[in-house]
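Working through the structure, step by step
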Amino acid sequence: DVKVTQSSRYLVKRTGEKVFLECVQDMDHENMFWYRQDPGLGLRLIYFSYDVKMKEKGDIPEGYSVSREKKERFSLILESASTNQTSMYLCASSLFGAKGNTIYFGEGSWLTVV
Amino acid sequence: AQKITQTQPGMFVQEKEAVTLDCTYDTSDQSYGLFWYKQPSSGEMIFLIYQGSYDEQNATEGRYSLNFQKARKSANLVISASQLGDSAMYFCAMSHYGGSQGNLIFGKGTKLSVKP
């Protein structure tokens, strides 16, 4: 069974802390994505990666960075967390070039910054 | 620029009735894919149905069907025989084949509530 695992489901962090959100997939997918979801705004793409050590900015990259040192793992980093980064974060992975439903999401990480 | 519009922030439907959730899209791509996802309160995104822009037949998956009208740029989701467990947020999304699958553009969602 395919799986995208987000290690932390619920986190509470203080303003200014460095925060790591980890995502691991076991499907050997080339592509990995981080989305942010806020009420009334839907999901918005933060960063994505087509390959190890490669990254591309999405629609809202400000305040975030990412790391992909291994194919199966994609980390989202908040260098200095702020209250406006309180949100739900969803990781996804997909197979490069395939059509149809090859996109798999993790269960989400709920982050509260106080 | 690509865009997905879901004009219904919330909807109610009686159990066992059918319901249509609206989705319109805007793109200049010739090749693209359209998706519907269900998100219960637990937060996971559950894939429901997919339609490719070149698929001539409307997609169906069990109680879900996608009413694809390419000229109108609409991709409405029809849920037949609603169940209480269908209460959730529903998102319409689009991807383009030229890029990688997963780089999706989402609508703002529709919250569906099924009444017993």
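Below you will find a few notes about this structure.

Reading the values: the criteria
- Throughout, a residue's number is its position along its own chain's written sequence, starting from 1.
- For naming, the first written chain is A and the first written ligand is 1, with later ones following in the order written.
- Totals for whole chains, interfaces and linings use every residue, but because this is a predicted model, local features are given only for residues with pLDDT of at least 70 and side-chain atom pairs only at 80 or more, for both listing and counting.
- Note that the side-chain values use all heavy atoms of the structure and ignore hydrogens as well as water.
- For helices the rule is a DSSP run of H or I covering at least 4 residues; for strands it is a run of E covering at least 2, with both sets numbered from the N terminus onward.
- Partly exposed residues are those whose accessible area sits between 20% and 50% of the maximum for their type, while under 20% is buried and over 50% is exposed, using a 1.4 Å probe and protein chains only.
- As used throughout, the charge tally considers Lys and Arg to be positive and Asp and Glu to be negative, leaving His and the chain termini uncounted.
- Charge positions come from single atoms, namely NZ of Lys, CZ of Arg, CG of Asp or CD of Glu.
- Residue contacts follow a heavy-atom distance rule, with two residues in contact if any of their heavy atoms lie within 4.5 Å.
- Here the quantity called buried area is the total loss of accessible area, with a 1.4 Å probe, experienced by two parts when brought into contact, counted for both.
- By convention in these notes, a salt bridge is any Lys or Arg side-chain nitrogen within 4 Å of a carboxyl oxygen on Asp or Glu.
- Only Asp, Glu, Lys and Arg are considered charged, only Ala, Val, Leu, Ile, Met, Phe, Trp, Tyr, Cys and Pro nonpolar, and every remaining residue, Gly among them, polar.
- Between any two strands, at least two bridges found by DSSP are needed for them to pair.
- Only a pair of cysteine sulfur atoms within 2.5 Å qualifies as a disulfide here.

1. A few points about the overall build of chain B
- For chain B, the count of helices and strands is zero helices and 12 strands.
- When the elements of chain B are put in sequence order from the N terminus, they spell out β-β-β-β-β-β-β-β-β-β-β-β.
- Every one of the 116 residues in chain B was classed for burial, and the buried ones make up 50%.
- Within chain B, the 10 negative side-chain charges are centred at a point lying 7 Å from the centre of the 10 positive side-chain charges.

2. Here we look at the interface of chain A and chain B
- With 27 residues of chain A in contact, the opposing surface of chain B contributes 20 residues.
- With both sides pooled, the region where chain A packs onto chain B buries about 1,800 Å², and carbon together with sulfur makes up 58% of that total.
- Counting across the chain A and chain B interface gives zero salt bridges.
- Elements that contribute at least two residues to the side of chain A that touches chain B include exactly β4 (31-38), β5 (42-49), β9 (87-94) and β10 (103-105) of chain A.
- Split into classes, the residues belonging to the side of chain A that touches chain B amount to 15 nonpolar, nine polar and three charged.

3. Quick notes on the pairing of strand β8 (residues 73-78) of chain A
Residue and element names in this part refer to chain A.
- With respect to burial, β8 is a largely interior element, five of its six residues being buried.
- With six bridges connecting them, strand β3 (residues 19-25) and β8 associate as antiparallel partners. Counted as the bridge partner of Phe20 is Ile77 from β8.
- Hairpin geometry of strand β7 (residues 65-70) and β8 is characterised by an intervening segment of two residues between the two adjacent antiparallel strands.

4. Structural notes on the state of the cysteines
- Within the structure shown, the criterion is met by two disulfides over all chains.
- The disulfide partner of Cys23 of chain A is Cys91 of chain A, and the S-S distance across this bridge is 1.9 Å. Residues Cys23 of chain A and Cys91 of chain A are joined through a disulfide that is left-handed, its torsion about the S-S bond being -80°. With Cys23 of chain A in strand β3 and Cys91 of chain A in strand β9, this pair connects stretches of sequence that are 68 residues apart. With respect to burial, Cys23 of chain A and Cys91 of chain A carry one shared label: buried.
- Note on cysteine connectivity: Cys23 of chain B is disulfide-linked to Cys92 of chain B, with sulfurs 2.0 Å apart. Between Cys23 of chain B and Cys92 of chain B the sulfur-sulfur dihedral comes to about -65°; the bridge is accordingly left-handed. With a gap of 69 residues between them, Cys23 of chain B in the loop between β3 (19-21) and β4 (24-26) and Cys92 of chain B in strand β10 (residues 88-96) connect regions that are remote in the sequence. Pair check on accessibility: Cys23 of chain B and Cys92 of chain B agree, each one buried.

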